[in-house]
Every structure is written in structure tokens, then in C-alpha cells.
Amino acid sequence: MRANVGDQLLTHGRIVGRRDRVVLIVEVLGPHGAPPYRVRFEDGHETVMSPGPDTVVRERRGPGR
């Protein structure tokens, strides 16, 4: 997995009734875009995350990409 600051991580809900979760990558802590990532949730909470196989990267869209 490779990501950049500004990309999003989409984690698919693995339990019936649990919705997908989307977080914003605010810092890449691994070498060359690899995990772990510091991420920000919609409510402003931040944490360090090493995504599992149920997570995909959504590349940032817009100027500079």
C-alpha cells in the first residue's frame, strides 16, 4: 500500500450493519508512502493507523494531482 498526504483511506465495514469508514491522511510515517499513517476522522480525532487488507487508498483529486 502506498499513499500520500491528502489521500483518504476507505475501510470497508466487515460486520453486517457497520458502515464503511473514511479517514484523511495527514502524515505518512513510513518510507516511500508506506504505512503507518497519521489520519484524521470526520470528528477531528487523529490517530496513527496501519491499514489492513480491508482498506483501500482513495487518491486526492484536484490541483497538483
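Residues numbered from 1 in each chain as written. Predicted model: local features only at pLDDT ≥ 70, side-chain atom pairs only at ≥ 80, totals over all residues. Heavy atoms only, no water.

**Some thoughts on the pattern of salt bridges**
If you walk through the whole model with that rule in mind, you get two salt bridges. One salt bridge connects Arg38 with Glu27, and the closest N-O pair in it is separated by 3.2 Å. Residue Arg38 is found in strand β3 (residues 37-40), and its partner Glu27 is found in strand β2 (residues 21-28); the two are separated by eleven residues along the sequence. Owing to a relative accessible area of 34%, Glu27 belongs among the partly exposed residues under this scheme. The residue Arg40 makes a salt bridge to Glu46 at a minimum N-O spacing of 2.8 Å. Take Glu46: its relative accessible area is 33%, and that puts it in the partly exposed class. (Salt bridge = Lys/Arg side-chain N within 4 Å of Asp/Glu carboxyl O. Helix = DSSP H or I, 4+ residues; strand = E, 2+ residues; numbered from the N terminus. Buried < 20%, exposed > 50% of the residue type's maximum accessible area, 1.4 Å probe, protein only.)

**Considering the nonpolar core**
Formed by Ala3, Leu9, Val23, Ile25, Tyr37, Val39, Phe41 and Met49, the largest nonpolar core amounts to eight residues. At the level of secondary structure, the elements contributing two or more residues to this core comprise β2 and β3. The residues contacting Leu9, other than those within four sequence positions of it, are Met1, Arg21, Val22, Val23, Ile25, Tyr37, Val39, Met49, Pro51, Thr55, Val56 and Val57. (Core = buried A, V, L, I, M, F, W, Y, C linked by side-chain atoms within 4.5 Å. Contact = heavy atoms within 4.5 Å.)

**Remarks on the sheet that holds strand β1 (residues 8-11)**
Either a parallel or an antiparallel arrangement is found when strands of a sheet pair, and the pairing is made through backbone hydrogen bonds. Strand order in the open sheet made by the five strands is β4-β3-β2-β1-β5, with antiparallel pairing throughout. This sheet does not close on itself; its edge strands, each paired only once, are β4 (46-49) and β5 (55-58). The mean angle between the axes of side-by-side strands here comes to 40 degrees, regardless of whether they run parallel or antiparallel. In terms of strand pairing, β3 meets β4 through four bridges, oriented antiparallel. (Pairing = 2+ DSSP bridges. Axes fitted to C-alpha atoms, helices over the stretch in contact; angles between N-to-C directions.)

By themselves, these are just geometric observations and shouldn't be taken as functional.
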